[in-house]
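Analysis of the macromolecular model
The chain contents come next:
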Amino acid sequence: MNKIAMIGLGCPKNQVDAEIMLSKLADANFELTSELEDADAVIINTCGFIEDAKKEAIDCILEACELKKEGIIKGVIVTGCLAERYKEEIMTEIPEVDACVGIGANSRIDEICNTVLEGNKFCEFPLKSCLPLDGDRLLTTPSHYAYLKIAEGCSNHCTYCAIPDIRGKFRSRKFENIISEAAKLAEGGVKEIILVAQDTTKYGFDLYGELRLADLVKEIAKIDGIEWIRLLYCYPESITDELIDVIANEKKVCKYIDLPLQHCNGAVLKRMNRKGDRAYLTDLIERMRYKIPELTLRTTFITGFPGETEEQFTELCEFINEVKFDRLGCFAYSPEDGTAAAKLDGQLDSEIKNKRAEIIMNEQMLIMEEKQNSKIGTECEVIVDYFDEDNLLYMGRSKNDAPEIDTNVIISSEDELASGQIVLCKVIGYDDFDMVAEVI
């Protein structure tokens, strides 16, 4: 029986694709291994969104190719966003790669592995719409939480982003298929469902002519076994009053929303092909916080976008200090191949872009410290993720924290806890940015 190892890179959406491929390989009687040295072939499911992700993917490809040169493995297969983006270039520049395939070929991953293990090269890029939106999955997350992808692709065409070219236009999954998968995940022990798409709030518009994320969340909340529902990648212009009401009133929905804003200045947002301005965003956030007082807001910003002036950057700093986001990530703009923004006038020096990102993150650290201090002595629910055997402590997350993105909760408990167990805790302090809490 041939053994296959997979290196999964990038976002949770890419992770779901990997899980579908792993299930297909298992059904085709491949043995799956997490150790590259034990494998006959290695699949690198790449990310290619920004420069750092590309570098990480290429390093992984080169590492696998080195194992092939040493005779430890027989084949190297490259899938995912980097493969889709650079197509034949990968096999031309790294000839040790045996197969490079686009996302539309994911449904044939078992055939591709067999072709490579027979000693043949393979390079194919079917239509992006051939990427399966549904299918059995072999979860790579802990058994108590899972990502649930509700749509594929993007039709927003933000000028800095290559996703529409890589992934194709926005395609919602059928409502009933998502509910069916959520129920199946719950039957398998999943307690936390994390809804993802490139633009989660656009869900349903292409299929049904209306935004249906609120309906979807309400239906998932009816499923026995699901305790927490979390929303990621929610674009501000598609957040409806109905969705705000569902987050506010449905007990299973975490009072947490990931709202990627990228900037607040109207002129910068227009060059990004994004909608809104500072007044619009301030009004939206005020309405959300009024209806959901305990809301945790996560966002991301880009500094140094082409043409960003000192005044526009100062406005962004003022906005961040005014709104006081609970979670914030900031990235220096990087020009990506094939994007409209890479051709804009006013490209800034890397030093300026990075310095501005550093200023934003320093400001956010002060805001985080203030928010942390205000929570000491309060109570919150925490889901146990795992037991840290080195430090003999349980690690978990509150409803305010998404896995792999936000901070952890260090749990002190006199009783033995199980992974996936939800416990009521009292916040007693912080270790750097991680909350320290004891079970009540």
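The text that follows walks through the structure, step by step, so that each part is easy to find. Computed from a predicted structure; not experimentally measured.

1. Things to note about the pattern of salt bridges
- Enumeration according to the criterion identifies 38 salt bridges in this entry.
- A salt bridge links Lys54 to Glu336, with the nearest nitrogen and oxygen atoms 3.5 Å apart. Here Glu336 lies in the loop between strand 14 (327-332) and helix 14 (350-375) and Lys54 lies in helix 2 (residues 51-69), a separation of 282 residues in the sequence. Accessibility assignment for this pair places Lys54 and Glu336 in one class, buried.
- We note a salt bridge from Arg230 to Glu192, for which the minimum N-O separation is 2.9 Å. With a gap of 38 residues between them, Arg230 in strand 11 (residues 228-231) and Glu192 in strand 10 (residues 192-196) connect regions that are remote in the sequence. In terms of burial, Arg230 and Glu192 fall into one category: buried.
- Several salt bridges converge on common partners, so that one network encompasses Glu19, Asp134, Arg137, Arg173 and Glu181.

2. Things to note about unusual backbone geometry
- Despite not being glycine, Asn273 has its phi angle at roughly 65°, a positive value.
- Summarising the element assignment, Asn273 is placed in the loop between helix 11 (266-271) and helix 12 (278-291).
- For Asn273, a relative accessible area of 42% corresponds to the partly exposed category.
- Located in the positive-phi region is Asp432, a residue other than glycine, with phi close to 60°.
- Following the sequence through the fold, Asp432 ends up in the loop between strand 18 (422-431) and strand 19 (434-439).

3. Digging into a negative patch on the surface
- A surface patch of like charges, here negative, comprises Glu31, Glu35, Glu37, Asp38, Asp52, Glu56, Asp59 and Glu63.
- Residue contributions to the negative patch peak at four residues, all from helix 2.
- Within the secondary structure, Glu31 is located in strand 2 (residues 31-33).
- The exposure class assigned to Glu31 is partly exposed, which follows from its relative accessible area of 32%.

4. Some details on helix 14
- Between the first and last C-alpha of helix 14 there are 37 Å, a value that for 26 residues agrees with the 38 Å anticipated at 1.5 Å per step.
- What helix 14 keeps buried is the set Lys353, Arg356, Ala357, Ile360, Gln364, Ile367, Met368 and Gln372.
- Contact partners of the buried residues in helix 14: strand 13 (296-303), helix 13 (310-323), strand 14 and strand 18.
- Positive backbone phi, approximately 95°, marks Gly377, located one or two places after helix 14.

Conventions we followed
Residues numbered from 1 in each chain as written. Predicted model: local features only at pLDDT ≥ 70, side-chain atom pairs only at ≥ 80, totals over all residues. Heavy atoms only, no water. Salt bridge = Lys/Arg side-chain N within 4 Å of Asp/Glu carboxyl O. Helix = DSSP H or I, 4+ residues; strand = E, 2+ residues; numbered from the N terminus. Buried < 20%, exposed > 50% of the residue type's maximum accessible area, 1.4 Å probe, protein only. Patch = residues over 30% accessible without salt bridge, like charges linked within 9 Å, V, L, I, M, F, W, Y side chains within 5 Å. Areas by Shrake-Rupley, 256 points an atom, 1.4 Å probe, with all protein chains shown as cover. Lys, Arg positive; Asp, Glu negative; His and termini not counted. Charge placed at Lys NZ, Arg CZ, Asp CG, Glu CD. Expected span 1.5 Å × (residues − 1). Contact = heavy atoms within 4.5 Å.

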